[in-house]
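Structural characterization, general
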Amino acid sequence: MTAINSVSAERRCRSALQLAAAAILAATLAGCYQTEVAQNQYPTDYRQRHPIVIKEGMQSVEVLLGRNRGGLTASQRADVLSFAQAWRHEAGSGIIVDVPHGGPTDRAAADASREIRSILSAAGVPSNAIYIRNYRPSKNSLASIKLNYSKLIAEAGPCGEWPAGLGPSPHSGYLENQPYWNLGCATQRNLAAMVDNPADLVQPRGEVPPYAPRRTVAIDRYRKGENPSGVYVGYDISKISDLGR
């Protein structure tokens, strides 16, 4: 009878150990799953937390009008010319010119719109890329001619979001020593604002032909056994004098 009780106790002990091992294994797998989910929700790479997005935006310039003035001022002509030059470089559409109509500035708007169109044409904007449309200004607002076109823009952010504190907390990011959420956002946002062509963030530009005249001179000097480097004269004119040394 004693031997039977001993065997039963041994079986119960073995079953308890197996159940404990299974519970530990389940808890370990659950912890791994929670860690994987946390990592998927909280990427450690700042480029994944704050990606730079390429989208379509608007470039605009506004020409304010006076009631009794015709044409543009010198600064307004410069603004329109700079706008036209930028259109040739980065535009993704034609130029839309919104002209106020139905108010005391109608005559000034007509004179200014004709001058704007002539400046755009002189800057190389084709006539079929200029679309003029009228709008009715509100009574309390200053009438103005609005020029705009669409272009590619790069954006990142918004920055300054803190979903978890930096101090001690039960958050998984703190316990696992992960970078805080806002880290790298300002760098990404500044890069998006400074890039000249947002398309460069997607793919490289095509190669352009080399400068053939300079290449020909260098190769000809190399063929003759001469020094192919250029001779620069006058670059050290402003250096500090040796007088008194």
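Whatever comes next refers back to the structure up there.
Not measured: the values here are computed from a predicted model.

The next subject is the overall build of the protein chain. Of regular secondary structure, the protein chain possesses seven helices and four strands. Secondary structure of the protein chain in N-to-C order comes out as α-α-β-α-β-α-β-β-α-α-α. Looking at the protein chain as a whole, 22% of its 245 residues qualify as buried. Counting contacts in the protein chain only where the partners sit at least 6 residues apart, residues at least 24 apart contribute 80% of the total. Of the roughly 17,900 Å² of accessible surface on the protein chain, 56% is carried by carbon and sulfur atoms.

Per the counting criterion, the structure on display carries 10 salt bridges. Arg 133 serves as the salt-bridge partner of Asp 98, at 2.4 Å between the closest nitrogen and oxygen. Of the two residues, Asp 98 is situated in strand β2 (residues 95-100) and Arg 133 in strand β3 (residues 130-135); the sequence distance between them amounts to 35 residues. Overall, the relative accessible area of 38% leaves Arg 133 in the partly exposed class. We note a salt bridge from Arg 114 to Asp 111, for which the minimum N-O separation is 2.4 Å. Within this pair, Arg 114 and its partner Asp 111 are both found in helix α4 (residues 106-122), separated by three residues, close to a single helical turn. Assessed through its relative accessible area of 55%, Arg 114 is described here as exposed. The exposure class assigned to Asp 111 is partly exposed, which follows from its relative accessible area of 25%.

A word on the nonpolar core. The tendency in soluble globular proteins is for nonpolar side chains to be buried side by side. Grouped together as the largest cluster of nonpolar side chains are 23 residues, with contacts concentrated most on Ile 95, Ile 116, Leu 120, Val 125, Ile 145 and Leu 147. Every element with two or more residues in this core is listed here: β1 (53-64), α3 (74-90), β2, α4 and β4 (144-155). With five residues, α4 is the single largest residue contributor to this core. Excluding residues that lie within four positions of it along the chain, Leu 147 makes contacts with Gln 59, Ser 60, Val 61, Val 63, Phe 83, Ile 95, Ile 96, Val 97, Ile 116 and Leu 120.

Right, let's get into unusual backbone geometry. Only a minority of non-glycine residues have a phi that is not negative, and only a minority of peptide bonds are not trans. Across the junction of Gly 157 and Pro 158, the peptide omega takes the value 10°, indicating a cis bond. If you trace the backbone, Pro 158 turns up in the loop between β4 and α5 (172-175).

The next subject is the sheet that holds β3. With respect to topology, four strands assemble into an open sheet ordered β1-β4-β2-β3, the strand pairing being mixed. Two strands lie at the open edges of the sheet, namely β1 and β3, each paired on one side alone. Going from strand to strand, the sheet's axes swing by 25° on average, the running direction of each strand aside. Note: β2 against β3, six bridges, orientation parallel. Directly across from Val 99, in β3, lies its bridge partner Asn 134. Helix-sheet contacts for α4 involve β1, β2, β3 and β4, and the interaxial angle to β4 is about 45°.

Contact pair α3 / α4: the axes reach a minimum separation of 9 Å and the direction vectors enclose 40°. By the criterion of interaxial angle, the relationship of α3 to α4 is oblique. Of the two elements, α3 crosses α4, and the hand of that crossing is right-handed. Here α3 contributes Arg 77, Val 80, Leu 81 and Ala 84 to the contact with α4, which in turn contributes Glu 115, Ile 116, Ile 119 and Leu 120. Residue classes in the contact of α3 with α4 are distributed as six nonpolar, no polar and two charged.

What counts and what doesn't
Residues numbered from 1 in each chain as written. Predicted model: local features only at pLDDT ≥ 70, side-chain atom pairs only at ≥ 80, totals over all residues. Heavy atoms only, no water. Helix = DSSP H or I, 4+ residues; strand = E, 2+ residues; numbered from the N terminus. Buried < 20%, exposed > 50% of the residue type's maximum accessible area, 1.4 Å probe, protein only. Contact = heavy atoms within 4.5 Å. Areas by Shrake-Rupley, 256 points an atom, 1.4 Å probe, with all protein chains shown as cover. Salt bridge = Lys/Arg side-chain N within 4 Å of Asp/Glu carboxyl O. Core = buried A, V, L, I, M, F, W, Y, C linked by side-chain atoms within 4.5 Å. Pairing = 2+ DSSP bridges. Axes fitted to C-alpha atoms, helices over the stretch in contact; angles between N-to-C directions. Parallel < 35°, antiparallel > 145°, perpendicular 65-115°, else oblique. Left-handed = near helix turned anticlockwise from the far one by under 90°. Nonpolar A, V, L, I, M, F, W, Y, C, P; charged D, E, K, R; others polar.

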